[in-house]
Amino acid sequence: MSKSGPSGGSPTDQLDAMFQGATLGPKLVEISSRSITPLPRTFPNPSHDAYPPPNPATNPLFTTLPLLRDLLETKTSMDQDNVANPCVKIHSDPLNSLHHLNREAHIEFLESGLGIDEDGEQLSPGFVVLDASRPWILYWCLIGLFCLGADLAPYRERLIETLRPIQNYYTGGFGGGNGQTSHVAVTYAAVLALCTVGGREAFQLIDRIKMWKWLSSLKQVDGGFCVCDGGEEDVRGVYCALTLISLLGLPTELAPDDVTRLKRQSEETQQGKRTGGWGHDPKLVPGNLLDGTAEYLRRCQTFEGGMAVGPGGMEAHGGYAFCALAALSLMGEPEVMLNKYLDLPKLIRWLSARQYAPEGGFSGRTNKLVDGCYSTWVGGCWALVEGALNGPQKDEPDDDDETEEGRDEKTKQTEEEKAGKGRGIVGSLWSRDGLVKYILGCCQAPYGGLRDKPGKCVTPE
Ligand SMILES: [Zn+2]
């Protein structure tokens, strides 16, 4: 994300110039011009004959209980056994029929979350409690369908018409449901859902000028962002705001009213009339949307090495860790940002402790059980950490269209790597095999959808 925007002229002239003729941000134009070919609706479900049999040499790490076990029986140790035992049973079963992705059942499950079923497009009564999370349900179902290769074109119009009334006129942001306050998390979900279905009509729903002014109003004097007007300030606010700024190609200058507001707040902080947040530099006067944000995120790293919801010694958590790492990576290369602002070895130590055996899945916090949703949050952290350790990588040329020069270059690189020169590639620091086993074997429901852990119900999340 680079600083952008014109200089000179009145604030109104500057604003006009910033957005002149631009109804879509550069990223959105790129997305809208991309054509997506859906995969065939029916996907061969491999039978046991057609599918390779489970590997008999399954890693014993996933088929036996850990060697070191707490002999003191407590509620925690019993809960842990109640998850580990069924996982061992599933991982050890050579006839486990759920070792492939049940694509068709998952598509049906996600379609039902969008209110599409044979009984007349009605959502079940269970959705009533999710009324303030409507953009989330839409985003999760649509991105899930996208990942499964389903055709999203039939949902475009319905999505736009569902989101239109929950967009707030004055902020340009979205509420969780009709008549609800604009919130960055549901705005993030709504905008990503619109980008997922794509198309000019979908993007035209987004009001970039209002969105820019609204996000400016959420910027705080210590570098963070609030999630809504008068709401809490935390890493979710930062991550969602930065995603919107980046994806919509918004200027990183602050809206003029907010420059004045933050100046006043900085003065008040220096005079001791207000607190600028945990450990923040009282002399900081944010002049643009990104000022002080990386430092704010640095203060969210805890004594364990993981990332908390905000600065000030709170508990490290997988979801907040993803928000913080992804936000840093939106502001620059992970290799630069994660090394500069975080204690990376300490973070890796904490992340490594998130994957459990024999389950194979990730937990979100110390002394908690594994949960399928952390496959995204903690798994996403690993992708960024590996990016930080390995740096930008050149694409491997296809063997077919490899030129002689390319081949020579590749041989040279490999020789240099062997000699310890150039950049080394850090291999995987976690077990992909374990996570695949957990997701496919322990989390898939036979009728579609993924569950948090064996015995729990399924959710689109
Ligand atoms: Zn969860």
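For clarity, every value in this text was computed on a predicted model and none was experimentally measured. (Residues numbered from 1 in each chain as written. Predicted model: local features only at pLDDT ≥ 70, side-chain atom pairs only at ≥ 80, totals over all residues.)

1. Description of the overall build of the protein
Next up, step 1: Across its full length, the protein carries 18 helices and 2 strands.
Next up, step 2: A burial count over the protein gives 38% of its 461 residues as buried.
Next up, step 3: Long-range pairs, those at least 24 residues apart, make up 71% of the contacts in the protein between residues at least 6 apart in sequence. (Helix = DSSP H or I, 4+ residues; strand = E, 2+ residues; numbered from the N terminus. Buried ≥ 20, exposed ≤ 12 C-beta atoms within 10 Å, placed from the backbone. Contact = placed C-beta atoms within 7 Å.)

2. Thoughts on the packing of helix H3 (residues 75–92) against helix H18 (residues 432–443)
Next up, step 1: The N-to-C vectors of H3 and H18 enclose an angle of 95 degrees; their axes lie 10 Å apart at closest approach. Comparing the axis directions of H3 and H18 gives the class roughly perpendicular. From H3, Cys87, Ile90 and His91 reach across to H18, where they touch Lys437, Gly441 and Cys442.
Next up, step 2: Considering only residue class, the contact of H3 with H18 consists of 3 nonpolar, 2 polar and 1 charged. (Axes fitted to C-alpha atoms, helices over the stretch in contact; angles between N-to-C directions. Parallel < 35°, antiparallel > 145°, perpendicular 65-115°, else oblique. Nonpolar A, V, L, I, M, F, W, Y, C, P; charged D, E, K, R; others polar.)

3. Some points on the packing of helix H9 (residues 208–218) against helix H10 (residues 235–247)
Pairs of packed helices are described in terms of their axes, by the angle between the two and the distance that separates them.
Next up, step 1: Orientation of H9 relative to H10, taken along the N-to-C sense of each, is 155 degrees, at an axis distance of 11 Å. Considering the angle they form, H9 stands roughly antiparallel to H10. Note on packing geometry: the crossing formed by H9 with H10 is left-handed. Each of Met211, Leu215 and Leu218 in H9 lies in contact with H10, whose residues at this interface are Gly237, Ala241, Leu244 and Ile245.
Next up, step 2: A class-by-class count of the residues in the contact of H9 with H10 yields 6 nonpolar, 1 polar and no charged. (Left-handed = near helix turned anticlockwise from the far one by under 90°.)

4. Digging into unusual backbone geometry
Next up, step 1: A cis amide bond, omega 10 degrees, links alanine 357 with the succeeding residue proline 358.
Next up, step 2: Turning to its location among the elements, proline 358 is positioned in the loop between helix H15 (344–352) and helix H16 (374–390).
Next up, step 3: Even without being glycine, asparagine 367 reaches a positive phi, approximately 65 degrees.
Next up, step 4: Looking at where asparagine 367 falls in the secondary structure, it is placed in the loop between H15 and H16.
Next up, step 5: Residue class for asparagine 367 comes out exposed when judged on the 7 C-beta atoms lying within 10 Å of it.

5. Quick notes on H3
An α-helix turns once per 3.6 residues; consequently, residues spaced three or four apart project the same way.
Next up, step 1: For H3, which comprises 18 residues, the first-to-last C-alpha distance of 26 Å matches the rise-based estimate of 26 Å (1.5 Å per residue) to within 8%.
Next up, step 2: The complete set of buried residues in H3 reads Gln80, Val83, Ala84, Cys87, Ile90 and His91. On an axial view of H3, the arc spanned by its buried residues comes to 120 degrees, and they lie on one face. Away from its buried face by more than 90 degrees, H3 exposes Lys75 and Met78. (Expected span 1.5 Å × (residues − 1). Arc of directions from axis to C-beta.)

6. Looking at the environment of histidine 183
Next up, step 1: Note that histidine 183 resides in the loop between helix H6 (156–163) and helix H7 (184–197).
Next up, step 2: Classification of histidine 183 as buried rests on a count of 27 C-beta atoms within 10 Å.
Next up, step 3: Remark: the alpha-carbon pair of histidine 183 and cysteine 228, spanning 45 residues in sequence, is separated by 4.8 Å.
Next up, step 4: Residue contacts for histidine 183: discarding those within four places in its chain leaves Gly175, Gly176, Val227 and Cys228.

7. Details of the environment of leucine 244
Next up, step 1: Checked against the element boundaries, leucine 244 lands in helix H10.
Next up, step 2: Residue classification places leucine 244 among the buried residues on the basis of 23 C-beta atoms within 10 Å.
Next up, step 3: Those residues in contact with leucine 244 that lie beyond four places of it in its chain are Thr187, Tyr188, Val191, Met211 and Leu215.

8. Section: the nonpolar core
Next up, step 1: Core analysis: the largest hydrophobic core is formed by 100 residues, its most contacted members being Val235, Ala324 and Ala327.
Next up, step 2: Discounting residues that sit within four places of it in the chain, valine 235 has contacts with Leu297, Cys300, Met307, Val309, Gly310, Tyr320, Cys323, Ala324 and Ala327. (Core = buried A, V, L, I, M, F, W, Y, C linked by C-beta atoms within 7 Å.)

9. Details of the confidence of the model for the protein
Next up, step 1: Per-residue confidence for the protein gives a mean pLDDT of 85, with 78% of residues at or over 70.
Next up, step 2: Across residues 2–8, where pLDDT falls below 50, the model places 11 contacts with residues more than four positions away in sequence or in other chains.
Next up, step 3: Segment residues 41–54 is flagged for pLDDT under 50; beyond a separation of four residues in sequence, or across chains, it makes 10 contacts in the model. (pLDDT = per-residue confidence, 0-100.)

10. Points about the environment of arginine 451
Next up, step 1: Residue position: arginine 451 is located in strand E1 (residues 450–451).
Next up, step 2: You can call arginine 451 partly exposed: it has 16 C-beta atoms within 10 Å.

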